[in-house]
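# Examination of the molecular architecture
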Amino acid sequence: MDSTGLQTLRRLASIINESLDTMENAYSHAGQAIPTLDAPFDAENPAEAVRQEPAVATAILNVMAASSQMSATVCSPAAAVLNASQAFHISSCLRAASELNVVEILREAGPQGCHVNEIAATSKADPALLARILRLLATHHIFSEVAPNVFANNRISSALDKGKPSSVLFEKPKERLVGTSGLAALVEFFSEDIFKSSAWLTDTILEPKEGVLPYNKAFETDQPLYYYMQRPENAYRLQRFGLGMQGSAAAEAPDTIFTGFDWNALPAGGVLVDVGGGNGFTAMTIAQKYPKLRVVVQDLEHAVEGAKGLWKKSFPSHIESKMVEFQAFDFHDPQPVKNADVFMLRYIAHNWNDVVFPKILQNLRDVAQPTTQLVIIEKILSLATAPGSEVANTPGAHGPQASAPLLPNWGIGQLYYSDLAVHTMLGGGERTLSGFIDVLGKGNWKLVRVHHCTGSQLSHIVAVPA
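Residues numbered from 1 in each chain as written. Predicted model: local features only at pLDDT ≥ 70, side-chain atom pairs only at ≥ 80, totals over all residues. Heavy atoms only, no water.

Per an unreviewed UniProt entry, the protein chain is named S-adenosyl-L-methionine-dependent methyltransferase, and its organism is Mycena pura.

What follows is the structure, given as structure tokens:
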């Protein structure tokens with residue numbers, strides 16, 4: 001008779017096979033082939049759209065989760081922890097490859113690849129060392145070693161392509177990330193700023209000091225990240241961070257914002273206040289579909305100036321009809337808008353800890369009408385176990401979960417990386433739904449429902465005045 005361990009492994013294998021059947025049927029119905037790892041990524045390939053189908057997206061999660069759990073089950077525990085303790089080498093090698101423009105050199109070389117001597121020539125890097133760097137990445141399926149010391153792009157590495165000739169990237173290094181998708185900028189930011197900061201995580205836990213975060217220790221500054229980046233010597237670092245954040249936002253499907261809160265249910269002339277909205281792109285997307293809404297875009301002065309330019313270019317009719325207002329405003333101060341139908345906070349909550357964020361919420365509560373709604377747009381951390389009873393009666397509280405023996409959260413780590421990245425930078429972090437209930441209560445708001453956006457990790461967390 002099979003042991004419990006073997007039964008689990010066989011069930012994991014079945015999950016993989018069942019999920020592959022789902023994927024095969026979907027791709028066959030679409031008349032497309034599943035992209036291979038060896039071929040460069042092509043965003044225009046119709047096969048990529050199949051990945052977004054809900055059944056296929058779930059099947060992909062199941063394959064990733066089951067294969068990872070199977071590997072963890074059979075791997076030597078000592079080998080597993082030693083591999084995990086050295087995973088930082090992947091980050092450092094990935095940054096090196098991106099900054100040396102290896103992806104673009106290999107794109108120009110074509111599928112036959114390029115010898116490491118030629119790859120290293122333009123940057124004058126040590127070919128032997130570069131080969132070791134690329135081989136480590138290829139071992140983790142980033143790049144391919146097609147012959148001894150000959151490397152080529154694959155599906156994963158090509159996603160970092162900046163879309164420019166390698167000669168231009170080397171000629172104008174300070175502009176190499178400008179005009180790109182932002183993915184390379186984000187990867188370089190994570191693999192430098194966050195990587196260096198994360199090394200100080202334990203030190204700041206064992207010897208905590210008020211206002212001292214891992215980022216402060218790593219970069220030897222007493223300034224918060226955003227102020228530190230404003231220093232003249234950090235101009236490139238600030239540019240890279242900004243481009244990376246833009247790339248992250250651009251990767252989100254435009255229609256995602258309409259798969260949660262029902263913006264159309266707001267009355268004609270209803271006031272939507274985009275608190276800390278940056279250039280107001282999200283509010284503009286909503287108003288373009290529902291022009292009956294009045295919009296107030298609030299942020300610091302330099303951001304509001306950018307918002308004016310964006311709206312003037314992309315949605316001038318709302319400006320001309322005086323249906324949008326731009327306010328230079330710090331959300332730590334008392335809220336000036338007293339007739340809001342909705343206060344929207346997108347990607348604000350995770351920047352602030354459980355002491356500061358409730359104060360931001362209280363400023364909104366102080367001027368809220370009985371009918372005012374609060375919409376927090378964030379990613380909700382799921383647990384690696386079943387959720388607690390405190391969220392049981394909230395409509396929409398329970399998002400999609402994997403079936404046993406998989407971890408309920410599929411064991412996919414991206415959002416958990418983001419959680420710690422925000423902590424190391426700003427002292428904030430992502431929250432579980434219970435965490436949101438807690439901070440909402442401290443700010444005198446009450447959670448009433450949750451919408452999990454289709455095809456996205458984002459959720460709309462809706463609250464009303466407590």
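Read on for the rest.
## Quick notes on the overall build of the protein chain
Counted only if it meets this: We count a stretch as a helix when DSSP gives it H or I for four or more residues in a row; a strand needs E for two or more, and each element gets its number in order from the N terminus. Should any heavy atoms of two residues lie within 4.5 Å, those residues are counted as being in contact. Note on areas: Shrake-Rupley, 1.4 Å probe, and residue coverage restricted to the protein chains presented here. Counting rule applied: Lys, Arg positive; Asp, Glu negative; His and chain ends not counted. The location of each charge is read from NZ of Lys, CZ of Arg, CG of Asp or CD of Glu.
Looking only at helices and strands, one finds 20 helices and 10 strands in the protein chain. Each of the three principal axes of the protein chain carries a C-alpha extent, and together these read 70 × 65 × 55 Å. Summarising the internal contacts of the protein chain: among those between residues at least 6 apart in sequence, 68% fall at separations of at least 24. Element-wise, carbon and sulfur atoms account for 57% of the exposed surface of the protein chain, whose accessible area totals about 23800 Å². A gap of 3 Å separates the mean positions of the 36 positive and 46 negative side-chain charges of the protein chain.

## A short note on the side chain of Gln 298
One can find Gln 298 in strand β5 (residues 294–299). Setting aside its immediate chain neighbours within four residues, Gln 298 contacts Val 273, Asp 274, Val 275, Gly 276, Gly 277, Gly 278, Val 304, Gln 327, Phe 329, Gln 335, Pro 336 and Val 337.

## Section: helix α20 (residues 433–442)
We apply this condition: Residue exposure (1.4 Å probe, protein chains only): buried if accessible area is under 20% of the type maximum, exposed if over 50%, otherwise partly exposed. Each direction from the helix axis to a C-beta atom contributes to the arc, which is the arc of those directions.
Listing the buried residues of α20 in full gives Leu 433, Gly 435, Phe 436, Val 439 and Leu 440. One side of α20 holds all its buried residues, which, seen down the axis, span an arc of 150 degrees. The inward-facing, buried residues of α20 abut α18 (356–365), β8 (373–379), β9 (445–452) and β10 (458–465). After α20 finishes, the residue Asn 444 shows a positive phi value of roughly 65 degrees.

## A word on the sheet that holds strand β2 (residues 144–147)
Either a parallel or an antiparallel arrangement is found when strands of a sheet pair, and the pairing is made through backbone hydrogen bonds. In plain terms, the rule: Between any two strands, pairing holds if DSSP finds at least two bridges.
As summarised here, the arrangement of the 3 strands in space is β1-β3-β2, forming an open sheet in which the pairing is antiparallel. Here the strands that pair on one side only, and so sit at the sheet edges, are β1 (114–115) and β2. Relative to strand β3 (residues 150–152), β1 runs antiparallel, the two being bridged by 2 bridges. Across the sheet, the residue bridging to His 115 is Val 150, located in β3.

## Thoughts on the sheet that holds strand β6 (residues 324–328)
Inclusion rule: Fitted lines through C-alpha atoms give the axes, limited to the stretch in contact for helices. The angle between two N-to-C directions lies from 0 to 180 degrees.
Reading across from one edge, β6-β5-β4-β7-β8-β10-β9 is the order of the 7 strands in this open sheet, with mixed pairing throughout. The open sheet terminates on both sides in strands that have one partner only, identified here as β6 and β9. Direction aside, the axes of adjacent strands within the sheet are offset by 20 degrees on average. Here β8 runs beside β10; their pairing, made up of 6 bridges, is antiparallel. Directly across from Leu 374, in β10, lies its bridge partner Ala 463.

## A look at the packing of helix α15 (residues 281–289) against helix α16 (residues 301–314)
Spelled out, the test is: Here the word oblique covers every angle except those under 35 degrees (roughly parallel), over 145 (roughly antiparallel) and from 65 to 115 (roughly perpendicular). Here a crossing is called left-handed whenever its near helix is offset anticlockwise from the far helix by less than a right angle, and right-handed whenever the offset is clockwise. Each residue is assigned to one class: nonpolar for Ala, Val, Leu, Ile, Met, Phe, Trp, Tyr, Cys and Pro, charged for Asp, Glu, Lys and Arg, and polar for all the others, Gly among them.
Two numbers describe how α15 lies on α16: the axes approach to 11 Å, and their chain directions differ by 25 degrees. For the element pair α15 / α16, the angle class is roughly parallel. Judged by the sense of rotation from one axis to the other, the crossing of α15 with α16 is right-handed. Within the contact between the two elements, α15 uses Phe 281, Ala 283, Met 284, Ala 287 and Gln 288 and α16 uses Leu 310, Trp 311 and Ser 314. Of the residues in the contact of α15 with α16, the class split is 6 nonpolar, 2 polar and no charged.

## Observations concerning the pattern of salt bridges
Applied cut-off: Salt bridge, as used here, is a side-chain nitrogen of Lys or Arg placed within 4 Å of a carboxyl oxygen of Asp or Glu.
Taken as a whole and judged by the stated rule, the model has 19 salt bridges. Ionic pairing is found between Arg 240 and Glu 192, a salt bridge with its closest N-O pair at 2.7 Å. Here the residue Arg 240 occupies a position in helix α14 (residues 235–250), and Glu 192 occupies one in helix α10 (residues 183–198), the gap between them amounting to 48 residues. Given a relative accessible area of 1%, Arg 240 falls into the buried group. Glu 192 gets classed as buried once you look at its relative accessible area, which sits at 8%. Between Asp 193 and Arg 240 there is a salt bridge, and its shortest N-O distance comes to 2.9 Å. Separated by 47 residues along the polypeptide, Asp 193 in helix α10 and Arg 240 in helix α14 bring together distant segments of the chain. Judged on exposure class, the residue Asp 193 and its partner Arg 240 are both buried. Each member of the salt-bridge network shares a partner with another, and the members are Arg 95, Glu 99, Glu 192, Asp 193, Lys 196, Arg 237 and Arg 240.

## Some points on the packing of aromatic side chains
Spelled out, the test is: Side-chain rings of Phe, Tyr and Trp, where Trp is taken by its six-membered ring, are said to pair if the distance between their centres is within 6.5 Å; with planes under 30 degrees apart they count as stacked, over 60 as edge-to-face, and otherwise as tilted. Here, over-ring charges are defined by two tests on the NZ atom of lysine or the CZ atom of arginine: distance to the ring centre within 6 Å, and angle to the ring normal within 35 degrees.
Tallied over the entire structure, the rule returns 12 aromatic pairs. Between Phe 219 and Tyr 228 the ring centres are 6.0 Å apart and the planes differ by 45 degrees, which places this aromatic pair in the tilted class. Judged by its relative accessible area of 11%, Phe 219 is buried. A residue is classified by how much of its surface remains accessible, and Tyr 228, at 8% relative accessible area, is buried. Members of the aromatic cluster, joined through ring pairs, are Phe 189, Phe 190, Tyr 226 and Phe 241. Geometry around Phe 258 places Lys 289 over its ring, the cationic atom sitting 4.4 Å from the centre.

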